[in-house]
Each structure stands twice: as C-alpha cells, then as structure tokens.
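So you can see what is in the structure, the chains are spelled out below.
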Amino acid sequence: MKKFTILFGLLCCFSLMAQNINLSDPLPDNHKIKKGVLSNGMTYYIYHTDVTKNVASYYIIQNVGSVLEDDDQQGLAHFLEHMAFNGTENFTGKGILNTLQTQGLVFGRDINAYTDFDETVYNVNNVPTTPEMINTGLMILKDWSNYLLLTDEEIDAERGVIREEWRTRQNGSMRIFQQSLSTTYNNSKYAERLPIGQMDIVDNFEYKALRDFYHDWYRTDLQAIAIIGDIDVDAIEKKIKTMFSEIPAVENPIERFVVQIDDNQEMLYHMAMDEEVSTASISFAITHPKHLRDQTIGDLQESLLIEMTTSMLTDRLSEISQKPIAPFLNARMGYGELTRAKNQLFISISPKPEQQQEAFKSVMEEVNRAMKFGFTQAELERTKKQYANYYENQISREDDRSHGAIINTIKSNYLDNETITDIAKEYEIIKELFASLTTDDLHHTIKKLYTQKNRILSVTGVKGENNLTKKQAESILHSTEKDSSLTAYEDNFAGKTLMTGVNVKKGKIVSEKRVDDIDATIFKLSNGATVYYKFADKNKDDVQLIATSYGGKSLLTDSELPSSALLRDLVQLSGLGDYSATELPKILAGKTAQTQVRISDLSEMITGNAVSKDVETLLQMLYLRFEKPRLDEDAYKVLQNNITSFLTRRSKDINAKMQDSVTTTLYGNNNPKHIIFNQAMIDKVDFTIMENIYKSRFSNAADFNFFIVGDVEKEVLKPLLEKYVASISSTNIKENWKDNSDSWINPAIDKNISLRMEDPKATVRIGYRNKVEYTLKNELLVGTLASILQLRYTETLREQEGGTYGASARASLSKRPIEEANLQISFDCDPNKVEQLVVIVHNEIEKVAKGEIQQSDLDKTLTNYIKARKEQKDYNRYDMSWVTNYVLEGYDMNDPKNYEDIVNAITAEDIQNFTNELLEDANTFEIIFEPLNQ
C-alpha cells in the first residue's frame, strides 16, 4: 500500500481506534531487502527473487532532477540521462548498449531511464546472472555514478535526438500541461523546470555546463543502487562494498535543497485551450504538506483512512457516471504525491460537451454530501473486504512480485523515506485497525482533507464552449458547501450473491483424458464442450481462463460490423446477470475474479483470471456470460454519450487524423471491413443488432474450446466444471471463420498528406505486404528482419543523423485467413529531413536484401529470442500459450525443434532470402504526413 501522510492532527481524533496498538511504533521492516550505506554516502539495496530465474536487474536512483537546474541549465538533467548511454570509462561510445544487447537485452524494453522533476532513475533489466555479467551490471552502475565521459562529439550528436524527442512528445495534451504548470505548482521553480527543457538551451549549451551539472549533482550522497534478482545477496553485497566504496565523495557538496510550494489562501485558477484539444476536463486539487520523517503505525493508519475515503467517493462518482443523465463521463478522487514536499487531494472530471458547470456542481455535491453526512456502514464493510482481499493476494503472491514492483518500493524508500514493510506483518496491523474502525473516522478524514485553503482549479477549455470560469467555480463551491437540501447517501445493497436467483442445471464430465505431451487433461462435458486443464503454480494463486471459438466478425454481414465494433464496450458498461456495472463491484467485493468478452475478425472469446480461492466465482461469471448476459439499454445510452465525446476529442487529434488517412489511403473511403470511426459509422450502430450479435456468437458451448491453466487442483476444479461449464446451453452446430480478407486499393501507394498542426512535425509510414507461406521458421524470420532493421534505424536515423527520437520497425506473418507477411516502418522527424531519412530507411532494407547483414545484429536478435523464451517459461502464462498452441495450432511449442532449434539454425542467408521473398512483387505504401503551410 502506498503510504501518503498529511501533517495535521488526524491521529488525535480517531475515536478509540487501535487500542492495542502504539501508533508511534515504527512500521515492520521487510528484512528480505538488504540495505546499507557506504562510507562515501552511497546507499545500496539487494533483494533476492527467482520470479524470473537466472537473471537480475540493476538500478541506480539519482536524487537529482530538473528542479535542481539553474535558469541556463534547463534540460541538462534530462540530457545527462541520455549521455549515460553514450560513453563511460569502461564502456566507450555505445559500449553499454552493445554489451547488453549481445546478451539478448533490448534497448527501450530492458535498458532505459527516465528523468523527473526530483529524480533520475536508470535501469538494466533481466541480465543473465553469470559471474561475468554480474560484474558487468555492477560496473555499469559504477560508471553511471561517477564515470561518464561526456565527450564533445557525443554531446553534439545527442542534441538532435533530444530535439526530436521534444518534437515527438509535443502535442495538444502536452501544450495544455505546459500552460497549467504555473497554477499547478503555484509559480514555484517546478513550473519552470519541465524535464525536457528549453530547446534553445539544448541546442547551444557549452560542454562545460553539462560537465559541471554532472559533477555538482551526480554524487554518492545522492545516489542509491539496487540489485534485484536471482542472486546471492551476501556475495553481491561484498562486491558492492569493494567496487563502490572507492568512488570518491564530492568535497563541499552543494546542498540538495527541496523546493517548497507556498500555500495559497485564494483558490488558484487557470484555463488552458489548444487548437488540437476539443474536449474539456476539470482538475480540482487541495495541496497538503508532506513529511519525510520515519514512518509509524500512525502514518499507516492515516494512509489507510485517506485511501478508503477517496476510494468510496470515487465509487459514488462512478455510480453517477453510469446514469445516462449524468453531466460527466467519468470522475474520480485520489490522494498522492505532487512534489517532494507536497501531497494533494485531487478530483479529475471529464464533463460532457457544454456541461462543465453542471459536471463540476454534480461532483462537488457528492464531495459535500460526504462532508455533511459521511459514509455508510455498508460502504465501510465492503471496502474492508476489498482491502483484506488485497492484502491476502499480496501475501500469497509475494514471491511472484516483479522486479519493477520491487524497485518501486525501493525508490519510495530512498527518495521519500517510505518504509519497505513486511506485508504479512502490515496486514496484521491493518486487521487490528479494522477491528475498531468506524464510519466516524472516515467522516473525520474527508473533513480534514477538504480544506478551504490551498485549492487549485485547472480547466481544459474548448473554444466556442461555455467554459467553467473561476467566478462560476467559486459560486458552485460556495453553494454546494452551504446546500442544506443535500441528503445522506443511501446504500442498501447487501445480502446478495452473483448467483442469487439463478437456477443452474448441473451437467457431467463424460470423459477425462491425459495428454502427456503438454502435461494436461482434456475433459469432455455432457453438453459437448471441451475443457483443457493444466495445473501450473509458477505464479502462485493465479488461474487463467480462455474460452474461444472460430467465427468472429468474419460471419457477420457488412451492416452488422459497426455494431460489433462497440459491442465489447457495451458489455463492459452493462454489468453481468442481474447486476448493473454499478452493482457488480459491490457483489464481488472481497473477491478477485474478472472476465472480458471479445469478438475479433476470426473468433470470439471470453477471457478471465482469478486467484485460487475465487475460481468458482470466475466460472460463475463465465456461466453468466453465456446464460444470462446483460446488455443494458441505459448502459447503451451511456455508451452513446461516451462515443459522442470520443468523436469530439478525435475530431482535432492529429494522430487520429493520421490513422484515418492511412486507412482510407490503403482501403478506400467506404470499405465496410475497414470502418472509419466517425459519426457516419455511429449512425449505423443499433442496440438490437448488438444483442443479436452477442447471442449468435455466445450461444453454443459445444462450439468453444475452454482452457483453464493455473494454481487450481484438478479435484477442486472438476465439480465446478460440471456445475458451471457442463450446464451451459449447447447445440450440434459447429462454425468456422470465413476468408473476408481484402487488398489495398493499389499495389503501390505513394502519398503526401498535409495536416494543420500547432507544432510542425513530419510522420513517415512505410509498409510492405506480400504472400508468404506460414511456417514456424518464417514467423521467426519475419520478426528477425524487423529486429535487425530496428537496430539499424536506431544507429542510422537516431544516432548518426539525430533525425528522430526513434523509428519503429514491426513485422508479422499471418496464418489465417491468408498466409501473408507485413513489414511496417514509422517515425516522426523534422519536416526538412524527411527526404534524406526515407532514403536511409529504404537503403537499410536493400542492404539486407543484398546480404549486407551485420552478424552482430543477427546475433543480438537471436540471443534475445532464446533468452526471452527461457524467461517466459517461468510464468503460468507460458503454460497457457503452450496448451492453446497445442490444441489450436497443432504443435508443441515447448519442443526445442519448434523454437530453439529453429532459432539457433537461422543464418544471415536465411534473412536475406526471406527479405527478397517479401520484397518481390510486394504491395507497398509510403505515406508522409507533413504540416500544412499556415
């Protein structure tokens, strides 16, 4: 649980809570994490976990961010982050990337970093734990700490990359955010220190400026390293003490100050608008001070009450949003960190068009309803169940926590002094707190959070609309706070279960067969359904479900396709069985189980997951998806409102315009199989058609294959299958998909499209399409081609030319409805550089076709394949893929001959031959989006 605390007297007002607990006691530490501090001030953390076997992840947390920059240094903290990958004492040039990529790591996925206002964090994930690579991982951290080269040549080369990163990220939402900074951060230094920086400074700073910033701030007393993975903790600690203690501490270091944000008595207000943003949003916040002292049980209690309070209010707001007459699409309340020294209570609102005032009033009425009357006992009991369920799941899955989840707790400990708790012991404390927790405690909490000072209101307005002004907002706040007509929230929803009133006619398992190849069991049920079950506990307390059948949209008429596009959304908004989407979470409080419905081009499926104790709930939900689905007309009205807002937002969104333009350029303006999401499409959507589609796709269990894989014993599962799966209605009809594939309107398409945009940039889309036989080898070859091109474009387009922040090369090989290969390349860039960069894109493809393939690129890619497959086998989801592929695709993916042997045998000649096969008489497109001359 994230522990956020506020510096006012909540503790003294908590009635007689926790009589057996000393609230001033420290929280229980998690002793699985080894923590220490070296003589030079560097902190280290070590954590052993074999959630992914034989790998470890390496992190360095710099207590340094953009807020520490001087006026003439804006952007240097972020620039330093980039330079860490461009030459260090032990890894010159691109040595870090090259070394790690030879071990199968991928830049961006496994090797990355980020810069924020107050910190910069680097990560190298899933490095093999061979002695050599353990030393390499530690050496990388050491070099990042103190030994960046920062050469003139590399600095100049990186300026263009960062400029293109700014260009790629610059859009309507970013410009709105930039406009609101001064209000959000009350004109403090934060408002002027967006991490990307000022491009004129990025382009022109002196080399010495960057080196000085590095010397001043990248120092051992502001650094923590963390090593997480399948390692020997004591051996790693010994290495850390030997390697990192020799890094010299900086003498007379500059104070690492914490930027404060002044309090405000009058509400701060800002309205921002942008030509590319066409929907409104409202953000109301109240800031609170945040301390960095050692945490106590009292802090945990505060955190618990705050999270419960904001969660309950969010649930109430969600209930309102489910009503067609609601003036907002969604709204939520939360509490979290704003800066190192400030927390904030925040309320986010997405109003419907021309209803900003009504939306703000409706939300604030709910806040003030809670202020006046508090919360109900039913809400409290339901939320307690949810928290108990959360803790029990966390405890049962503690050994399955990802490296990313673990590092987040470490970062919070180092940067914010949040205790890394023993989750089991924390839960024992929570249970004692729950024993005496009352609705009065929650009522008191919201009163303390909702203060009159430190209020901030940020409005994203829309030109031509009646936007919420400061005066209107103040009037609404005053009227709702003084509204004597408000009545208490009523919640009488209790005593019901998911299956209340549902009569299930139990079926039988008619046969059971063992499949040794995949270590699974096939159950044939009395209704004709087939269930494939495999026990897997690589991830404890995790059970996965897939029910799938061929057919999908390929069996629908053209007139049904618009309705099918929104069916999944309607199902989600409608709830399940007898319960609406508002009621369903109340029914499921304290349980962890969920299902989703999907209709794809060639199949329909129900997917789901649950913890082990809630497998029965999962199968109950599956049963209801077939036997008692809920498609609610009120939910349909809500969906229509949501779609209206979505279309409005889409109307000025540059990326949406580009995607629509690509679709119409390739498939024409009126292709029913490739529908443009616009009002014309929405006008063809019909509720009755949606109902009929659902019934036709999910009415026959015998036409589905059911897959259940995870931590549930067979003898526990069997009676549940008989009750909830064998009882689903069925017929003897078997369906299959139809081939409705179509071609591009022209085999060679070359088009430039001009769009009006606020910040000029060009976007390049290049594609190849050709018939290629589907084989396991060809599927690997097409992926290898894309990976090699990705490496080449990173080196040429990004590093050598500084022409783009990153180019994407993606490829696929389809098996059905037709066997076909696709290769697509896309990137953003300076409009003036399009021509030269496009030439490079094609040159790199032609080089591969000529056999000019760097063996190192091929080796990196194939090593990644073997490494990734090995790591995948540590998770239950691999076993699910194993079973589904065996049944649906007819091969054993766990047999080395179907993967590892193929990968190890791939040669540069194979890639060359495949590329030529793909290119020969291929359909192609080159679509370039450029700014309209304005």
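These figures come from a predicted structure and were not determined experimentally.

Comments concerning the pattern of salt bridges
- In total, this model carries 67 salt bridges according to the counting rule given.
- Two residues, Glu820 and Arg769, come together in a salt bridge whose shortest N-O distance is 2.7 Å. Of this pair, Glu820 sits in strand β22 (residues 820-829) while Arg769 is found in strand β20 (residues 762-771), placing the two residues 51 residues apart along the sequence.
- By relative accessible area, which is 10% here, Glu820 ends up buried.
- Judged by relative accessible area, Arg769 falls into the buried class, the value being 9%.
- Measuring nitrogen to oxygen at the nearest pair gives 2.9 Å for the salt bridge that ties Glu889 to Lys815. Taken together, the residues span a long stretch of sequence, with Glu889 in helix α27 (residues 876-889) and Lys815 in the loop between β21 (808-814) and β22 at a distance of 74 residues.
- Look at Lys815 and you get partly exposed, because its relative accessible area is 32%.
- In the salt-bridge network here, residues are joined through shared partners; they are Arg514, Asp516, Asp519, Lys534, Lys538 and Asp879.

Focus: helix α8 (residues 233-244)
- Here α8 contains 12 residues, and its C-alpha end-to-end distance of 16 Å stays within 8% of the 16 Å for a straight helix at 1.5 Å per residue.
- Listed as buried for α8 are Val233, Ile236, Glu237, Ile240, Met243 and Phe244. What you see down the axis of α8 is that its buried residues fit within an arc of 140°, all on one side. What points out from α8, more than 90 degrees from its buried face, is the exposed set Asp234, Lys238 and Thr242.
- Structurally, α8 contributes buried residues whose contacts are with β1 (33-37), β2 (43-48), α3 (131-146) and β6 (223-229).
- N-capping of α8 is provided by Asp232, with a side-chain oxygen placed 3.1 Å from the backbone N of Asp234.

Focus on the environment of Arg211
- Residue position: Arg211 is located in helix α7 (residues 207-217).
- For the pair Arg211 and Leu80, spaced 131 residues apart in sequence, the C-alpha separation works out to 8.9 Å.
- Excluding anything up to four places from it in sequence, Arg211 contacts Leu150, Thr151, Asp152 and Ile155.

Some points on the sheet that holds β22
- Spatially, the 5 strands line up as an open sheet ordered β19-β23-β20-β22-β21, and their pairing is mixed. The sheet is open, and its two edges are formed by β19 (748-755) and β21, each paired on a single side. Each strand of the sheet is rotated relative to its neighbour by a mean of 10°, with strand direction disregarded.
- Pairing analysis gives 7 bridges linking β21 to β22, with the strands arranged antiparallel. Paired with Ser814 across the bridge in β22 is Glu820.
- Helix α24 (residues 776-800) rests against β21 and β22 of the sheet, and its axis sits at about 170° to β21.
- The strands touched by helix α25 (residues 834-849) are β20, β22 and β23 (923-931); relative to β20, the strand with the most contacts, the crossing angle is about 25°.

So, how was this worked out
- Residues numbered from 1 in each chain as written.
- Predicted model: local features only at pLDDT ≥ 70, side-chain atom pairs only at ≥ 80, totals over all residues.
- Heavy atoms only, no water.
- Salt bridge = Lys/Arg side-chain N within 4 Å of Asp/Glu carboxyl O.
- Helix = DSSP H or I, 4+ residues; strand = E, 2+ residues; numbered from the N terminus.
- Buried < 20%, exposed > 50% of the residue type's maximum accessible area, 1.4 Å probe, protein only.
- Expected span 1.5 Å × (residues − 1).
- Arc of directions from axis to C-beta.
- Contact = heavy atoms within 4.5 Å.
- Polar contact = N/O pair within 3.5 Å; in protein donor to acceptor, adjacent residues only side chain to side chain.
- Pairing = 2+ DSSP bridges.
- Axes fitted to C-alpha atoms, helices over the stretch in contact; angles between N-to-C directions.

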